[in-house]
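Overview (structure and organization)
Here is how the chains run, residue by residue.
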Amino acid sequence: MLRFALKNMAVKKIQIILVALSIVISAGIGVLAFNVSSQVSDGITSNAGYYSLIIGPSGSKTQLAMNTMYFTDEPLGTIPYSVVSTLSKDGMRVNSVIPFAMADNYNGYGVVGTSPEFLKDKELREGSLFDSSKTLEAVVGYNVAKYNGLKIGDVLHTSHSSTGLDTHEQGIKVVGILKESHSSFDNVVFTQIQTLWQVHTHEGEEGHKTVCAILVNAKNPGYALQLLNEYDGKIVTHDDETFTLQAIEPMDAVRDVLNDADDTKYIVFVLCAVILVMNIMIISIITLLNMYHSSKEISLMRLIGISMKKINLLYIIQNGIIGFVSILLAFGVSRLCLLMMNDYVSSMGVVLNLGLVYPLEIVILVGVFIISILPTAIWTLVMSKRDSIS
Amino acid sequence: MIEVKNVTKQFQNETEIKYKDITFETGKSYMLLGASGCGKSTLLNIIAGIISPTSGSVLIDGVNMQEKSQKQRDKFRIEKIGYIFQDFKLINEMTVLDNINILNLEGINTQDAPRLLEELGIAEKKNSKIKHLSGGQKQRVAIARALVKAPDIVLADEPTGNLNFAIGELVIKKLVKASKNKTLIAVTHDERLSKYFDKVIDMNQMIADKKDIFGAGGGTKC
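The rules behind each value
- Residues numbered from 1 in each chain as written.
- Chains lettered and ligands numbered in written order.
- Predicted model: local features only at pLDDT ≥ 70, side-chain atom pairs only at ≥ 80, totals over all residues.
- Heavy atoms only, no water.
- Domains from an automatic or database assignment.
- Contact = heavy atoms within 4.5 Å.
- Buried area = accessible area lost by both parts, 1.4 Å probe.
- Salt bridge = Lys/Arg side-chain N within 4 Å of Asp/Glu carboxyl O.
- Polar contact = N/O pair within 3.5 Å; in protein donor to acceptor, adjacent residues only side chain to side chain.
- Helix = DSSP H or I, 4+ residues; strand = E, 2+ residues; numbered from the N terminus.
- Nonpolar A, V, L, I, M, F, W, Y, C, P; charged D, E, K, R; others polar.
- 1 Å grid on protein atoms, 1.4 Å probe; cavity = no way out; pocket = protein on both sides within 12 Å on 5 of 7 lines; lining within 4 Å.
- Points joined across faces, edges and corners; volume = space filled by probe spheres on them.
- Phe/Tyr/Trp six-rings, centres within 6.5 Å; stacked < 30°, edge-to-face > 60°.
- Buried < 20%, exposed > 50% of the residue type's maximum accessible area, 1.4 Å probe, protein only.

1. Section: the domain arrangement of chain A
Domain annotation for chain A reports domain 1 (2-44 + 256-385) and domain 2 (53-248). Its C-alpha centre places domain 1 of chain A at a distance of 46 Å from the equivalent point of domain 2 of chain A.

2. Describing the interface of chain A and chain B
With 21 residues of chain A in contact, the opposing surface of chain B contributes 23 residues. When residues of chain A are sorted by the area they lose upon contact with chain B, F4, L303 and I304 of chain A head the list and together hold 31% of the total. The interface formed by chain A and chain B includes two salt bridges. Among the salt bridges present, the one from D74 of chain B reaches R302 of chain A, with a minimum N-O distance of 2.6 Å. The tally of links between chain A and chain B comes to five residue pairs in polar contact (both at pLDDT 80 or more). Counting residues per element, the ones that place at least two in the side of chain A that touches chain B are α1 (2-10), α9 (295-303) and α10 (308-346) of chain A. By residue class, the composition of the side of chain A that touches chain B is 10 nonpolar, five polar and six charged.

3. As for empty space enclosed by the protein
Residues and elements named next belong to chain A. Per the counting criterion, the structure on display carries four cavities of 30 Å³ or more. Approximately 120 Å³ is the volume attributed to the largest cavity. Forming the boundary of the largest cavity are K12, Q15, I16, V19, T287, N290, M291, S294, Y315, Q318, N319 and I322. Elements that contribute at least two residues to the lining of the largest cavity include exactly α2 (13-48), α8 (250-293) and α10.

4. A short note on the packing of aromatic side chains
Residues and elements named next belong to chain A. Per the counting criterion, the structure on display carries 12 aromatic pairs over all chains. Judged by centre distance (5.5 Å) and plane angle (25 degrees), the rings of F185 and F190 are stacked. F185 sits in the buried class, given a relative accessible area of 4%. On the accessibility criterion, F190 (0% relative accessible area) is buried.

5. Side note on the pattern of salt bridges
When the charged atoms of two side chains lie near each other, side chains of opposite charge can form a pair. Following the criterion strictly, the structure yields 20 salt bridges over all chains and no others. For the salt bridge of R93 of chain A with E230 of chain A, the shortest nitrogen-to-oxygen distance reads 2.8 Å. Residue R93 of chain A is located in the loop between α4 (82-88) and β3 (94-106), and its partner E230 of chain A is located in helix α7 (residues 221-231); the two are separated by 137 residues in the primary sequence. The salt bridge partner of K75 of chain B is E79 of chain B, with a shortest N-O separation of 2.8 Å. Remark: E79 of chain B and K75 of chain B occur in helix α2 (residues 70-80); sequence separation between them is four residues, near one turn of the helix. Several salt bridges share partner residues, and in doing so they unite D90, R93 and E230 of chain A into one network.

6. Notes on helix α3 (residues 61-70) of chain A
All names here are of chain A. Where burial is concerned, most of α3 is hidden: seven out of the 10 residues are buried. Among the residues of α3, the N-terminal cap falls to S60, whose side-chain oxygen and the backbone nitrogen of T62 are separated by 3.3 Å. With its phi angle positive at about 60 degrees, F71 sits one or two positions after the end of α3.

The structure is reproduced here in structure tokens:
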């Protein structure tokens, strides 16, 4: 039966390609849209709960949150390091204070200056975290190491521009490589905050000790709220320069981003649903046309004595094979698209995991598979109700 | 033994054919002669269980086929009857062997197909698509498909219709030989082939009545 089904399919290549293409498009789009939106949403919210508040220069809340947690966008500006020192001394309300500065890049990958505590929850593939008492040491993200062939002990030179020009003379030694986390951490070089100051200080000059943001973990939500009110809008002076601070709650900022993204997501989902419905109609029409064109073949088989049961089975096997192969292809195509979209999505601070399959994706694939064989099943059922051959 | 008893067939175009009773004995070959449209093919289709008579019955080895369901008649046809259709009933897009092996779907053994194709002189075409064959070659594929299952009854509707006399004669000889000890009923216009059959039935004599039941005329003899 299977052999004959395959042979019968081989003579209908064009019709089969059309049906398969419709299935691949509809299932592929459905799966891709759901996977990307879910991974982006999950990726954005996963980092948001780590810190009680973020303190940075005044400006866009979203920009401050996205830059600090997902290393996207440009930093809003700088604030004096003295704020870090002040907060560190507030042991009553504060658990930890992490300085954050983003400057330069290494072959297009961002360079973040911070303290080792920033990476304390991250697993290392090899090596160790950099030593806060030293400078010019780096822990690199999984992709940075992978795509630049970096090993422990290698020395990298960061530069001001993404073109690789304007490279700093002082090299930074790789002391650790992070495990793959499918997050924005995979695409960043982390070093001591002092390293950033050091590479930017010219001989004979005294560098400005500034940071782009400060990540604070308060001892309890009450203290977090106190600190938020205290630091939001606070004006500090350093070296005759005045800085206006803002303090934000990371979850709030992320929620704003997700709310904006939700509107876009709904539009994408509606478009996907329209495409899916249209493709389902196309699949049904092509399949029914195929079956109609097969009527002569079916009548012929009936004339020589082949039972309707066997004919039904033959066509259901045929369409089942087409449907099954097509949904596998659709899954493969969706993963290929994820791979191609990774560069774009990583700029939003999320690294797409190609191996992550959501249960709803399986539901979409199985649904499209059932829809692909349904017209055949209905057609053959109608045909089998007719007892007479002629 | 096949017995055709009081069979009439009324078509949707309101033509009605009434057959006289006919008996076909097991192991004998019959040639049905008669003008076009006189009901020869209809009789073969009724015997094969493809169409049902309006009234009357066909008994095969004493079993009334009209009492069987279509499913049972289909099963009987694929297992016991080799039917060579006038227009071949082959799938044009498939190869010669695939058209024969289609019977495997119902568990029919088709291992004998290469030998039959060899005997019919089309072995070299076994992997060719039907659409690339001539009418005569298609006819021989249809014969091979009918005989491959070693049926008890062979029904042949104009088996030589697309062949020249020499090849047609050869095919009839093979058909008769392959149908030895079986019941062979062949419809043909060519009286020259009658010598190869045990019995020739003039269907013009076997039609009791043929009429357009709403027409002005009475019975019309074939």
